[in-house]
Amino acid sequence: MTERNTKQKKLILEAVRSREDHPTADEIYSDVHALDGRISRGTVYRNLHAMASNGEIMSVDLVPYAGRYDRKTQPHHHVICEVCGSVCDAPLEYESFRDKELEELTGFKVRKHEVIFRGVCAKCLAEIERGKEKGGKS
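Asker: How should I be thinking about helix H2 (residues 25–35) in this particular structure?
Answerer: Since one α-helical turn is 3.6 residues long, residues separated by three or four positions face the same way. Residues of H2 that are buried include every one of Ala25, Ile28, Tyr29 and Val32, and no others. In a view along the axis of H2, the buried residues occupy a sector of 100 degrees, so they form one face of it.

Asker: What is the right way to read the layout of surface pockets from this model?
Answerer: The gaps left among the atoms become clear once a water-sized probe is rolled over them. Approximately 220 Å³ is the volume attributed to the largest pocket. In terms of lining, the largest pocket is formed by Ala52, Gly55, Ile57, Met58, Ser59, Thr73, Arg111, Lys112 and Glu114. Within the lining of the largest pocket, the residues separate by chemical class into 3 nonpolar, 3 polar and 3 charged.

Asker: It is not clear to me how the environment of Glu114 should be interpreted in this structure. Could you clarify?
Answerer: You can see Glu114 is positioned in the loop between helix H4 (97–106) and strand E5 (116–119). Note: C-alpha distance between Glu114 and His77 (37 residues apart in sequence) is 6.1 Å.

Asker: Please clarify how the sheet that holds strand E3 (residues 77–81) should be interpreted in this entry.
Answerer: Pairing between sheet strands relies on hydrogen bonds along the backbone, with the strands arranged either parallel or antiparallel. Strand order in the open sheet formed by 3 strands is E4-E3-E5, and the pairing between neighbours is mixed. Here the strands that pair on one side only, and so sit at the sheet edges, are strand E4 (87–90) and E5. Looking at each pair of strands side by side, their axes are set apart by 30 degrees on average, direction ignored. In this structure, E3 lies alongside E4, joined through 4 bridges in antiparallel fashion. Among the inter-strand pairings, Ile80 is bridged to a residue of E4, identified as Val87.

Asker: Got a minute to help me understand a nonpolar patch on the surface in this structure?
Answerer: Taken together, the side chains of Val83, Val120, Leu125 and Ile128 present a nonpolar region at the surface, about 310 Å² in accessible area. Looking at the secondary structure, you find Val83 in the loop between E3 and E4.

The rules behind the values
- Residues numbered from 1 in each chain as written.
- Predicted model: local features only at pLDDT ≥ 70, side-chain atom pairs only at ≥ 80, totals over all residues.
- Heavy atoms only, no water.
- Buried < 20%, exposed > 50% of the residue type's maximum accessible area, 1.4 Å probe, protein only.
- Helix = DSSP H or I, 4+ residues; strand = E, 2+ residues; numbered from the N terminus.
- Arc of directions from axis to C-beta.
- 1 Å grid on protein atoms, 1.4 Å probe; cavity = no way out; pocket = protein on both sides within 12 Å on 5 of 7 lines; lining within 4 Å.
- Points joined across faces, edges and corners; volume = space filled by probe spheres on them.
- Nonpolar A, V, L, I, M, F, W, Y, C, P; charged D, E, K, R; others polar.
- Pairing = 2+ DSSP bridges.
- Axes fitted to C-alpha atoms, helices over the stretch in contact; angles between N-to-C directions.
- Patch = residues over 30% accessible without salt bridge, like charges linked within 9 Å, V, L, I, M, F, W, Y side chains within 5 Å.
- Areas by Shrake-Rupley, 256 points an atom, 1.4 Å probe, with all protein chains shown as cover.
- Salt bridge = Lys/Arg side-chain N within 4 Å of Asp/Glu carboxyl O.

Next comes the structure, spelled out in structure tokens:
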């Protein structure tokens, strides 16, 4: 039984690490289920949660969108498209001094901070502009 769980965990971890698009648990389940039809959705969800808890992957909470998973575990920021829900890493430096600054101001022991930028991606902006052009010609 332990060997099977190890193989399943390895499949799940590889599925996350093979993607750069911050997949949802359902997307990872689809990827893994295509490779092993016996793996259950619950197994995928439990393993993703455990891997995020122990630092093998990162969980990115994007309320109101479905939670996502990230192969990069070092602290970094994200940007999400409010139209299509796509997620990517924000190419900005993580400012760890902010953690200490907040500790001094609040007395909290800060482990990390997360910044999520929200906007509209280039693909969706282009589609919106095409729609305006079509609508303007009618």
